[in-house]
Amino acid sequence: YCNEYGGGYRLSGDSFAVEDVGGTERGCAPEVMAAETAYLEALGAVERLGSRDGYLVLTGPDVEMRFRPLAPVPTSELTGTEWTLETLLEGEVASSTTGGPATLVLADDGTLTGSTGCREMQGSWALDGDVVRVTELATTRIGCPEDLTTQDGHVTRVLGGPFQVAVAGESLTLTGPDGLGLVYRAT
C-alpha cells in the first residue's frame, strides 16, 4: 500500500507463520494506512499455507489471504524513460518525497532533464559501466519553500556527483559514494 516491509517465515508441512516483520515508516493518507495495517495484521494471524485454483492461500483464525502470480514486470529502459522520484535514501534511512512531482529523464543523446520537486533541472550525462557522471547540471534560480529545501538539496547533491545506477523492473536506484541515494519509479 504505502510502505515496504520484510521479515522471516516458518514453514513445516502446511503450517506457516510470518515472523519479525519490519518495514519503512512512511506516512500516507489515513485510508491507505488503515488498509496497510489491516493487511499486516492479517498476515501476522496466518497459520496455514496452501494453494487453490492457481492461488497461494494463507489462512488463520478469521483470515484468508489469496495471492495470484503476476506476470513479470518488464525492465524499464534507463534512457528515454520518465522517472518519478519516490524515495530519498540516506544510508539505511528512507524518506518519502514532498512537493510536486520530482522527475528525471536521461535521454539517449546524453542530455538530462527533470525536476527536484521544486526547481527544474537540465544537464548532460555519460554512463561508464554502472556509474553515471553528470556534467553541466543547472537548475532554475528560484527559492524553494522550507519543506522542499532538504529534498531539493538531496536530489542535486546525488545528481551533482558520480553515482551508481541500477534498474530493476520499474524501479531506478541512484546511489552516491556518500551513502545518499534516490529511488525513482517509471512513469
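Provided above is the structure to which this section pertains.
First, a word on what this report is: a plain description of the structure on this page. The residue numbering used here restarts from 1 in each chain and proceeds along that chain's sequence as written. Given that the model is predicted, a residue must reach a pLDDT of at least 70 before its local features are reported, and side-chain atom pairs must reach 80 or more before they are shown or counted; all residues, however, enter totals for whole chains, interfaces and linings. Computation of side-chain values covers all heavy atoms of the structure but excludes hydrogens and water.

### Section: the side chain of Gln-151
Per the convention used, a helix needs a DSSP run of H or I reaching at least four residues, while a strand needs a run of E reaching at least two, with both numbered from the N terminus. By the secondary structure assignment, Gln-151 is in helix H2 (residues 146-160). Each residue is assigned to one of three classes by its accessible area relative to the maximum for its type, calculated with a 1.4 Å probe on protein chains only: buried under 20%, partly exposed between the two thresholds, exposed over 50%. With relative accessibility at 3%, the residue Gln-151 sits in the buried group. Here, two residues are considered to be in contact whenever any of their heavy atoms come within 4.5 Å of each other. For Gln-151, the residues in contact, after removing those within four places along its chain, are Leu-85, Leu-88, Thr-97, Thr-98, Ala-102, Thr-116 and Gly-117.

### Quick look at the pairing of strand E13 (residues 171-175)
Where strand E12 (residues 163-168) and E13 come together, five bridges link them in antiparallel fashion. Among the inter-strand pairings, Ala-168 is bridged to a residue of E13, identified as Ser-171. The turn joining E12 and E13, which pair antiparallel and follow one another in sequence, is formed by two residues; a positive phi near 60° is taken by Gly-169. Paired strands, as defined in this entry, are two strands with at least two bridges between them according to DSSP. One ladder, built from five bridges, connects E13 with strand E14 (residues 180-186); its direction is antiparallel. Across the sheet, residue Leu-172 finds its bridge partner in E14, namely Tyr-184. Hairpin connection between E13 and E14: a loop of four residues separates the two successive antiparallel strands, and Gly-179 in this loop has a positive phi of roughly 90°.

### What to know about the state of the cysteines
A pair of sulfur atoms, both from cysteines and within 2.5 Å, is called a disulfide here. Scanning the model with the defined rule gives one disulfide in all. Across the disulfide, Cys-118 is cross-linked to Cys-144 (sulfur-sulfur distance 2.1 Å). With the S-S bond torsion at -110°, the cross-link from Cys-118 to Cys-144 turns out left-handed. Of this pair, Cys-118 sits in the loop between strand E9 (111-115) and strand E10 (120-128) while Cys-144 sits in the loop between strand E11 (131-139) and H2, and the two are 26 residues apart along the sequence.

### A look at the environment of Ala-186
As for its position among the elements, Ala-186 is in strand E14. Between the C-alpha atoms of Ala-186 and Glu-77, which are 109 residues apart in sequence, the distance is 9.0 Å. Not counting residues up to four positions away in its chain, the partners in contact with Ala-186 are Ser-76, Thr-81, Glu-82, Trp-83 and Glu-170.

### A word on the packing of aromatic side chains
Pairing of aromatic rings covers Phe, Tyr and Trp, the last through its six-membered ring, and needs centres within 6.5 Å; plane angles under 30 degrees mean stacked, over 60 mean edge-to-face, and all others mean tilted. In the structure shown here, the tally under the stated rule is two aromatic pairs. Between Arg-66 and the ring centre of Tyr-55, over which it is positioned, the NZ or CZ distance is 4.2 Å. Two limits define a charge over a ring: the Lys NZ or Arg CZ must be within 6 Å of the ring centre, and within 35 degrees of the ring normal.

### Digging into unusual backbone geometry
Positive phi, close to 50°, is recorded for Asp-20, a residue that is not glycine. For Asp-20, a relative accessible area of 72% corresponds to the exposed category. Residues other than glycine seldom take positive phi values, yet Asp-62 does so here, at roughly 60°. Structurally, Asp-62 can be placed in the loop between strand E4 (55-60) and strand E5 (63-67). A residue is classified by how much of its surface remains accessible, and Asp-62, at 86% relative accessible area, is exposed.

These results come straight from atomic positions and should not be treated as a statement about function.
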